[in-house]
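Structural overview
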Amino acid sequence: MPTSITITSEFSGSVVAKGATDDLSAQLLRHAGFKQIDDWHGRRHRLPTTTPLADQVAIASHAAEMLRAARYDVTLPPSLDTARMSPPVHALGPYAAGAELLSITDQIRAAEDGASLQRAVDHLLHPEHGALERVREALEAAGEQVNDLDDDAYALADRFGFASEFVSSAQSELVDSEAELRRVGAA
């Protein structure tokens, strides 16, 4: 009779595997990244509480795959199963670029020294691939498209052109700031 193993995410947020009473299932769970705990509750396996959510899902899914391959009956909720998970939804819905900029802002705020601050800011200021350059190009393209679609909307097209120039001016103000950023916070 195959052993039934349940891998769940508890209310506390930790991921626990219960039912692995034999050595093979315990070894497979340890191999996947679970820590074995033997106490008055019996033998169980738990992921460290500091494990990031994405890693929890990946480890739990991998453990379930290995256990199923060894013919164990495994119960795994959809929230921990990479095969049944839906694609991630951006926090800002269809505004994926805004969500990416929020991520960059979080990286900037989390910088612990000038070098990490410079690396985060580079996502904004890189002369070819930075966010400011992409915004400048998008504003310029929007102005050109307005002109292409309606010759009489030249005032609106000019406003997009002016906005593009403002972004270009901001870029030129911050050119060559990398070395200064790296020195920020240095004694």
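What you see is a predicted model; the values in this text were computed from it and never measured. (Residues numbered from 1 in each chain as written. Predicted model: local features only at pLDDT ≥ 70, side-chain atom pairs only at ≥ 80, totals over all residues. Heavy atoms only, no water.)

**What to know about the overall build of the chain**
- A count of helices and strands for the chain gives seven helices and five strands.
- Taken from N to C terminus, the helices and strands of the chain fall in the order β-β-α-β-β-α-β-α-α-α-α-α.
- For 187 residues, the compact-globule formula gives about 16 Å, and the C-alpha radius of gyration of the chain, at 26 Å, lies well above that figure.
- Across its three principal axes, the chain shows a C-alpha extent of roughly 80 × 50 × 25 Å.
- Residues classed as buried in the chain amount to 28% of the 187 residues present.
- Taking the contacts inside the chain whose residues are at least 6 apart along the sequence as the reference set, 45% of them involve residues at least 24 apart.
- Just so you have it, the chain exposes about 12,500 Å², and 56% of that area is on carbon and sulfur atoms.
- Taken together, the 16 basic and 29 acidic charged side chains of the chain have centroids lying 15 Å from each other. (Helix = DSSP H or I, 4+ residues; strand = E, 2+ residues; numbered from the N terminus. Rg over C-alpha atoms; globule rule 2.2 N^0.38 Å. Buried < 20%, exposed > 50% of the residue type's maximum accessible area, 1.4 Å probe, protein only. Contact = heavy atoms within 4.5 Å. Areas by Shrake-Rupley, 256 points an atom, 1.4 Å probe, with all protein chains shown as cover. Lys, Arg positive; Asp, Glu negative; His and termini not counted. Charge placed at Lys NZ, Arg CZ, Asp CG, Glu CD.)

**Quick look at a negative patch on the surface**
- On the surface, Glu144, Asp148, Asp150, Asp151 and Asp152 cluster together into a negatively charged patch.
- With respect to the secondary-structure elements, glutamate 144 resides in helix H5 (residues 131-149).
- Residue glutamate 144 is classed as partly exposed on the basis of its relative accessible area, which comes to 46%. (Patch = residues over 30% accessible without salt bridge, like charges linked within 9 Å, V, L, I, M, F, W, Y side chains within 5 Å. Salt bridge = Lys/Arg side-chain N within 4 Å of Asp/Glu carboxyl O.)

**A short note on the sheet that holds strand S1 (residues 4-9)**
- Taken in spatial order, the five strands make up an open sheet running S3-S4-S2-S1-S5, and their pairing is mixed. Both outer strands of the open sheet, strand S3 (35-39) and strand S5 (73-75), are each paired with one neighbouring strand and no more. Geometrically, the sheet is characterised by an average inter-axis angle of 25° between neighbouring strands, direction not taken into account.
- Both S3 and strand S4 (residues 42-46) contribute to a ladder of five bridges, which runs antiparallel. Looking at the pairing, isoleucine 37 lines up with arginine 44 of S4.
- Strands in contact with helix H1 (residues 23-32) are S1, strand S2 (15-18), S3 and S4; relative to S4, the strand with the most contacts, it is inclined by about 25°.
- Taken strand by strand, helix H2 (residues 53-69) contacts S1, S2 and S5, and its axis lies near 175° from that of S1. (Pairing = 2+ DSSP bridges. Axes fitted to C-alpha atoms, helices over the stretch in contact; angles between N-to-C directions.)

**Brief notes about the side chain of glutamate 133**
- Checked against the element boundaries, glutamate 133 lands in helix H5.
- Glutamate 133 has contacts with His126, Pro127, Glu128 and Gln171, leaving out every residue within four places of it along the chain.

**Points about the packing of H5 against helix H6 (residues 154-174)**
- One can describe the packing of H5 onto H6 by two numbers: an axis separation of 8 Å at closest approach and a directional angle of 165°. In terms of their interaxial angle, H5 and H6 are classed as roughly antiparallel. As for how H5 packs across H6, the hand of that crossing is left-handed. For the pair H5 and H6, contact is made by Leu132, Glu133, Val135, Arg136, Leu139, Glu140, Ala142, Gly143, Val146 and Asn147 and by Tyr154, Leu156, Ala157, Phe160, Ala163, Ser164, Val167, Ser168 and Gln171, respectively.
- When grouped by side-chain class, the residues that make up the contact of H5 with H6 number eleven nonpolar, five polar and three charged. (Parallel < 35°, antiparallel > 145°, perpendicular 65-115°, else oblique. Left-handed = near helix turned anticlockwise from the far one by under 90°. Nonpolar A, V, L, I, M, F, W, Y, C, P; charged D, E, K, R; others polar.)

**Observations regarding H2**
- The end-to-end C-alpha distance of H2, which contains 17 residues, comes to 24 Å, matching closely the 24 Å that a straight helix rising 1.5 Å per residue would cover.
- Burial in H2 covers these residues: Gln56, Val57, Ile59, Ala60, Ser61, Ala63, Ala64, Met66 and Leu67.
- On its buried face, H2 sits against S1, S2, H1 and S5.
- Following H2 by one or two positions, arginine 71 adopts a phi angle in the positive range, close to 70°. (Expected span 1.5 Å × (residues − 1).)

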